[in-house]
Amino acid sequence: MQIATWNVNSIKQRLEHLLAFASTEQPDVICLQELKCQNEAFPALEIEGAGYNIAHLGQKSFNGVAILSKHPLEDIRIGLPGDATDEQARYLEAVVAPVGGAAIRVASIYLPNGNPVDTPKFDYKLSWMDRLIQHTRSLLALEEAFVLAGDYNVIPNAKDAANPQEWVGDALFRPESKERFQALLNLGLIDALRSCTDEASLYTFWDYQAGSWQRNNGIRIDHLLLSPQAADLLQSVSIAKELRSWDKPSDHVPVIARLKQ
DNA sequence: ATGGCTTTCTACGAAAGA
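Keep in mind the model is a prediction, meaning the values are calculated, not measured.

Conventions we followed
Residues numbered from 1 in each chain as written. Chains lettered and ligands numbered in written order. Predicted model: local features only at pLDDT ≥ 70, side-chain atom pairs only at ≥ 80, totals over all residues. Heavy atoms only, no water. Near = heavy atom within 4 Å. Polar contact = N/O pair within 3.5 Å; in protein donor to acceptor, adjacent residues only side chain to side chain. Nonpolar A, V, L, I, M, F, W, Y, C, P; charged D, E, K, R; others polar. Helix = DSSP H or I, 4+ residues; strand = E, 2+ residues; numbered from the N terminus. Contact = heavy atoms within 4.5 Å. Buried < 20%, exposed > 50% of the residue type's maximum accessible area, 1.4 Å probe, protein only. Pairing = 2+ DSSP bridges. Right-handed = clockwise from strand over helix to strand, strands pointing away.

1. Details of the protein's contact with DNA strand B
Moving on, step 1. Near DNA strand B there are 27 residues, and of these Ser-10, Asn-113, Phe-205, Asp-207 and Gln-209 occur at the shortest range.
Moving on, step 2. Between DNA strand B and Asn-153 there is a distance of 2.9 Å, counted from a phosphate oxygen to a side-chain nitrogen or oxygen.
Moving on, step 3. Contact distances for DNA strand B include 2.9 Å between a base nitrogen and a side-chain N or O atom of Gln-209.
Moving on, step 4. Residue classes in the surface near DNA strand B are distributed as eight nonpolar, ten polar and nine charged.

Laid out in structure tokens, this is it:
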């Protein structure tokens, strides 16, 4: 089973890219972030036409997450527990249940950016991460295979940035953000890509500005975190870097994990 | 760089993103 995550930066602007990616890679599951689209405007017919079942959580202008699956989706859960007042569309969870196969729980995550750090936006990021840690504890208690896939807006280590000094003080690289990401790993989650390679220069985001792509000034902020039961199934991880060179690209590219069965 | 692009919105500049 192939599970992909991709921040598309507007599902409407990226629909043709999504259909091309789906046709070429044929992932079983695609977790999307930054739909920037309300539910009623989601291009469901086109995506269903490509063979996917859809769970989506949209909102006007910003945010928005979806799970696309070639297999039936069950037990769809909307929103990250822990704050009933949080109205931002950043978390969606479902069980992907292949007919006659083993089910796997999948979440599509759009973790808050958190900049500027001297504002409530950074507090929101940190409290959102604390809620994610708490929710992960409850998921781990189920002792199931699950994947938390998405745009974490965290650069885990200096080797995950081409120019780490540029990010010192930024919400994506602040110690408080990195510590909470590490806390997720300390619970027992596995960073899928880092479990396969220690290689540097592996990035998933290049800013639209300042020729970041041409200069390969990237960062790795899109991650698939696996439960121990899912990590046992992991075969390989790849970054679909070539999509960043397409016409009118997202500033993020997909990351794909391949699991046995 | 006081974000150099890109996207969205009851738009025609501002806000958000990272």
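2. With respect to the environment of Leu-35
Moving on, step 1. Position of Leu-35 relative to the elements: it lies in the loop between strand 2 (29–33) and helix 2 (44–49).
Moving on, step 2. Taking the C-alpha atoms as reference, Leu-35 lies 8.0 Å from Asn-7; in sequence the two are 28 residues apart.
Moving on, step 3. Leave out the neighbours within four places in its chain, and Leu-35 touches Ser-10, Ile-11, Phe-42, His-56, Leu-57, Asn-63, Gly-64, Val-65 and Ala-66.

3. Things to note about the pairing of strand 8 (residues 146–151)
Moving on, step 1. By the criterion of burial, strand 8 is predominantly enclosed, with six of the six residues buried.
Moving on, step 2. With six bridges connecting them, strand 7 (residues 104–110) and strand 8 associate as parallel partners. Looking across to strand 8, one finds that Tyr-110 is bridged to Asp-151.
Moving on, step 3. Taken together, strand 7, helix 3 (residues 120–140) and strand 8 constitute a β-α-β crossover, and its handedness is right-handed.
Moving on, step 4. Strand direction decides the pairing type here: strand 8 and strand 12 (residues 222–226), joined by five bridges, are antiparallel.

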